[in-house]
Amino acid sequence: MKIEFCWKYILCFWNKNIASKLFTASLIFYSYSRSQTDSSFNSVSVSEFKLSFTPEIILFLNSNNDKNLDFISLDSKTNTLWLNEADSIGGYFNFKEIKKSGTITSIKSSDVNRDSLDDIILVHHSLNKIEVLLNNKNNNFTSTFYDVNFYPDKVEIFDFNRDGILDLCSYGKVASGVTILLGKKNGKFSQGEVLFDEIPIEEIYPVYLNSDKEIDLAIKNWLTNEMIYYFGMGDLQFYVYDVVSLKDEESKIFYFHANSDNFTDYLVSNKNKIDLFLTNNIGSAKQNISFTLDEEINFVDTATSQNTLKKYLLVSTKKNEINFINMQNGNDSFDYFSFSIPFDYDKFFFCDLNKDSQKEIILFNGSNMYTLWFNQTDNLIQENIIFATQNNSAIRIENKK
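It should be emphasised that the depicted structure is a prediction, and the values quoted were computed from it without experimental measurement.

> Looking at this model, I keep getting lost on the sheet that holds strand 17 (residues 216–221). Mind explaining?
Pairing between the strands of a sheet is mediated by backbone hydrogen bonds and can be parallel or antiparallel. Within the open sheet, the four strands sit side by side as 16-17-18-19. Their pairing is antiparallel. Looking at which strands have only one partner, the edges of the open sheet turn out to be strand 16 (201–207) and strand 19 (237–245). Averaged over neighbouring strand pairs, the angle between their axes works out to 20° when direction is ignored. Bridging between strand 18 (residues 226–234) and strand 19 involves eight bridges; their strand directions are antiparallel. Bridge pairing links Met227 to Val244 in strand 19.

Rendered as structure tokens:
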């Protein structure tokens, strides 16, 4: 598929001195032009935003009460965690230093105290601690540290005990087990309780595998390269339901809802091959799709056609192709939509930056951030389809079967 990149207009350019000229920001707008030999997007603009450093970690969040999605970036060279506030046209105007730390290995965000502002959770690997930064409005944060199991790598946020309050779950490959920090209404957490201390855990996913409404778990044992599935029984009690060998150490698993039955489905990728499994109401999974792409996979989401109501996989590869695959055709045939990005990227995000019920595609290539803005108000051309995500967001994509 041919896409011509057109320098159509430059909306604005600015430089700002922040923190003794540590940061320079610029915003340049582009648009795609229609090729005479191939149909491309009817209305897609791309904004480029350049950081003064290459971020090691990026996380989008709602840090204030405006309608724009902000993001956190970690500069590993200076060990600085920045909060980057957004404006309404995809630029970022206020870069606030949150803290300096050389021990951060993972970042998550959620509204843990239910005040409509996202809080920040940091994993400090070498300190054996989790840090919770409660957002006190105006992007001022109160820090609290919690002891966890040895050398944590990651943290997950979900309601472990179904009391309506978010809990934390930290784990790492060096030590076995996970540390559970049960949440309180004020955003504080109880001291940790260790579960699954016999399993060296690489990943843990909260899932729903049956109809009892209890949280179930999918845990990856990195030593045996197996996925262990646990049914939840309440009160932090679990029992093993199934053990599945991944066969290849390079296999990755993505968990999501591929349909509307409320049970968590999953996709197994091995380099450029994907296998989709749909879960039924008793936890059994049946393979639905097996598909091979040209490049290695790095991101998976879902979208639904507003025209046909078909459910599609959104799959990004490590090169520059984004694919939509119909999940309801089975193994014999596929509706297959794709488009290419005319530049490389190493980080991929799919979220609604300005909360207009339409998701944008955000790509990072080193210190460059690119946002693909889709205009859903234009008249449809014949070869285009509008897609809506599960939360009624919409994007437009060219039909390339």
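That was the structure; now back to the text.
> Hey, could you run me through the sheet that holds strand 5 (residues 70–75) in this one?
The four strands are arranged 4-5-6-7 in an open sheet whose pairing can be described as antiparallel. On the outer flanks of this sheet lie strand 4 (57–61) and strand 7 (92–100), each paired with one strand and no other. The average undirected angle you get between the axes of adjacent strands in this sheet is 20°. Pairing geometry for strand 6 (residues 80–86) and strand 7, over seven bridges, is antiparallel. Counted as the bridge partner of Glu85 is Asn94 from strand 7.

> What exactly am I supposed to notice about the environment of Leu59 here?
Along the chain, the position of Leu59 falls in strand 4. Leu59 sits in the buried class, given a relative accessible area of 15%. As for Leu59 and Leu83, which are separated by 24 residues in sequence, their C-alpha atoms are 9.6 Å apart. Excluding anything up to four places from it in sequence, Leu59 contacts Asp70, Phe71, Ile72, Ile107, Lys108 and Ser109.

> Could you clarify how one ought to interpret the pattern of salt bridges in this entry?
Side-chain pairs of opposite charge can arise where the charged atoms are in close proximity. For the structure shown, the criterion picks out eight salt bridges. Between Glu214 and Arg162 there is a salt bridge, with its nearest N and O atoms 3.5 Å apart. With Glu214 in the loop between strand 16 and strand 17 and Arg162 in the loop between strand 12 (154–158) and strand 13 (167–171), this pair connects stretches of sequence that are 52 residues apart. Asp346 is the partner of Lys347 in a salt bridge, and the nearest nitrogen-oxygen pair spans 3.9 Å. Note on Asp346: relative accessible area 43%, which makes it partly exposed.

> What is the right way to read the environment of Asn262 from this model?
Along the chain, Asn262 falls in the loop between strand 20 (251–256) and strand 21 (265–270). Sequence spacing of Asn262 and Val207 is 55 residues, and the spatial spacing of their C-alpha atoms is 9.9 Å. The residues touching Asn262, leaving out its near neighbours within four places in the chain, are Tyr208 and His257.

> For this particular structure, what's the right way to read the packing of aromatic side chains?
Each pair of aromatic rings is reported with the distance of its centres and the angle of its planes. Taken as a whole and judged by the stated rule, the model has 17 aromatic pairs. Their ring planes at 50° and their centres at 5.8 Å tell us that Phe196 and Phe238 sit as a pair that is tilted. Of this pair, Phe196 sits in the loop between strand 15 (193–195) and strand 16 while Phe238 is found in strand 19, placing the two residues 42 residues apart along the sequence. Note on accessibility: Phe196 and Phe238 belong to one class, buried. Here the aromatic rings of Tyr345 and Phe348 are separated by 6.1 Å at their centres, their planes lie at 45°, and the arrangement is tilted. When sorted by exposure, Tyr345 lands in the same class as Phe348, which is buried. One aromatic cluster in this structure is built from Phe158, Phe160, Phe196, Tyr230 and Phe238. Geometry around Trp222 places Lys173 over its ring, the cationic atom sitting 5.2 Å from the centre.

> What's the story with the pairing of strand 14 (residues 178–181) in this structure? I'm lost.
Every other side chain in a regular strand lies on the same face of the sheet, so the side chains alternate between the two faces. What you see with strand 14 is no split at all: Val178 and Ile180 on one side and Thr179 and Leu181 on the other are buried throughout. Where strand 13 and strand 14 come together, four bridges link them in antiparallel fashion. Bridge pairing links Tyr171 to Val178 in strand 14. Counting the residues between successive antiparallel strands, the hairpin from strand 13 to strand 14 contains six residues, one of them, Gly177, with a positive phi of roughly 85°. Summarising the sheet, strand 14 and strand 15 pair through three bridges and their orientation is antiparallel. Counted as the bridge partner of Thr179 is Val194 from strand 15.

About the thresholds
Residues numbered from 1 in each chain as written. Predicted model: local features only at pLDDT ≥ 70, side-chain atom pairs only at ≥ 80, totals over all residues. Heavy atoms only, no water. Pairing = 2+ DSSP bridges. Helix = DSSP H or I, 4+ residues; strand = E, 2+ residues; numbered from the N terminus. Axes fitted to C-alpha atoms, helices over the stretch in contact; angles between N-to-C directions. Buried < 20%, exposed > 50% of the residue type's maximum accessible area, 1.4 Å probe, protein only. Contact = heavy atoms within 4.5 Å. Salt bridge = Lys/Arg side-chain N within 4 Å of Asp/Glu carboxyl O. Phe/Tyr/Trp six-rings, centres within 6.5 Å; stacked < 30°, edge-to-face > 60°. Lys NZ or Arg CZ within 6 Å of the ring centre and 35° of its normal.

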